[in-house]
Amino acid sequence: MGKLTVRALRAVLAVVLAGTVFVQASMVWALATDPEDGSLPLTPLRLITILGMVSAQVALVCVWRLVTMVRRGTVFSDAAFRYVDGVIGAIVAAALLWFAVTAVNAPGQREDPGVTVIMGGIGLAILGVALVVLVLRMLLAQAVARDGEAAQMQAELDEVI
């Protein structure tokens, strides 16, 4: 991975992380003040938003660490699995939070239940992303195993020579 790519990715990650912190601070402020009268239950949605930002932040930090490992050439190690698992967990948490938003929003959609069905489909799509990352984790596991085998064969070859 080139230096320009790493810098660009880190810049994007930093901006998104700063944005999520700003949104969290705004939501905590909104929870501390009196909620406005409205048809939607704002407090559960605000709490879900705060938790959603936490899951996004966990994924961002894990991706940052993986990019650092790629840059150092150490991504094909057992240490990378912890961060990939963190990304998978954050995506699953985001999907569960999306299902919670769908459940909170569903009573207001009695006249148009299609919105709730579409929102449920989006939740399934988010879980699909977690499955894709899980497949990529399996590929990483194979690469780590092959790297270990190659290192062992190189050591045996060095002994022979």
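Residues numbered from 1 in each chain as written. Predicted model: local features only at pLDDT ≥ 70, side-chain atom pairs only at ≥ 80, totals over all residues. Heavy atoms only, no water.

Trainee: Any details on the overall build of the chain? Residues and values, ideally.
Mentor: Secondary structure assignment for the chain yields four helices and zero strands. Secondary structure elements in the chain, listed N-terminal to C-terminal, are α-α-α-α. A compact globule built from 161 residues should have a C-alpha radius of gyration of about 15 Å, whereas the chain, at 21 Å, is more than 25% larger. On the principal axes, the C-alpha backbone points of the chain span a range of 80 × 30 × 25 Å. Here the chain holds 161 residues, and the buried ones make up 26% of them. Considering only intrachain contacts with a sequence separation of at least 6, the fraction spanning at least 24 residues in the chain is 72%. For the chain, the accessible surface area stands at approximately 10400 Å², while carbon and sulfur atoms represent 69% of it. Averaging the coordinates of the 11 positive side-chain charges in the chain and doing the same for the 12 negative ones gives two points 9 Å apart. (Helix = DSSP H or I, 4+ residues; strand = E, 2+ residues; numbered from the N terminus. Rg over C-alpha atoms; globule rule 2.2 N^0.38 Å. Buried < 20%, exposed > 50% of the residue type's maximum accessible area, 1.4 Å probe, protein only. Contact = heavy atoms within 4.5 Å. Areas by Shrake-Rupley, 256 points an atom, 1.4 Å probe, with all protein chains shown as cover. Lys, Arg positive; Asp, Glu negative; His and termini not counted. Charge placed at Lys NZ, Arg CZ, Asp CG, Glu CD.)

Trainee: Can you explain the pattern of salt bridges? Please cite residues and give values.
Mentor: Scanning all chains against the criterion turns up two salt bridges. A salt bridge links Arg-137 to Asp-85, with the nearest nitrogen and oxygen atoms 2.5 Å apart. With Arg-137 in helix 4 (residues 114-160) and Asp-85 in helix 3 (residues 79-105), this residue pair connects regions lying 52 residues apart in the sequence. Note that Arg-146 is salt-bridged to Glu-149, the shortest N-O span being 3.9 Å. (Salt bridge = Lys/Arg side-chain N within 4 Å of Asp/Glu carboxyl O.)

Trainee: Provide a residue-level description of a nonpolar patch on the surface, including the pertinent values.
Mentor: Residues Val-132, Val-135, Leu-136 and Leu-139 make up a contiguous nonpolar surface patch of about 360 Å² in total accessible area. Assignment of secondary structure puts Leu-139 in helix 4. (Patch = residues over 30% accessible without salt bridge, like charges linked within 9 Å, V, L, I, M, F, W, Y side chains within 5 Å.)

Trainee: Describe the environment of Ala-80, naming the residues involved and giving the relevant values.
Mentor: If you trace the backbone, Ala-80 turns up in helix 3. Among the residues examined, Ala-80 registers a relative accessible area of 0% and is labelled buried. As for Ala-80 and Leu-66, which are separated by 14 residues in sequence, their C-alpha atoms are 6.7 Å apart.

Trainee: Report on the layout of surface pockets, specifying residues and quantitative values.
Mentor: The volume enclosed by the largest pocket comes to roughly 300 Å³. Every residue lining the largest pocket is counted, 13 residues in all, and those nearest its centre are Leu-66, Val-70, Val-75, Val-84 and Leu-140. Looking at the lining of the largest pocket, the elements with two or more residues in it are helix 2 (42-72), helix 3 and helix 4. Here the lining of the largest pocket is composed, by residue class, of twelve nonpolar, no polar and one charged. (1 Å grid on protein atoms, 1.4 Å probe; cavity = no way out; pocket = protein on both sides within 12 Å on 5 of 7 lines; lining within 4 Å. Points joined across faces, edges and corners; volume = space filled by probe spheres on them. Nonpolar A, V, L, I, M, F, W, Y, C, P; charged D, E, K, R; others polar.)

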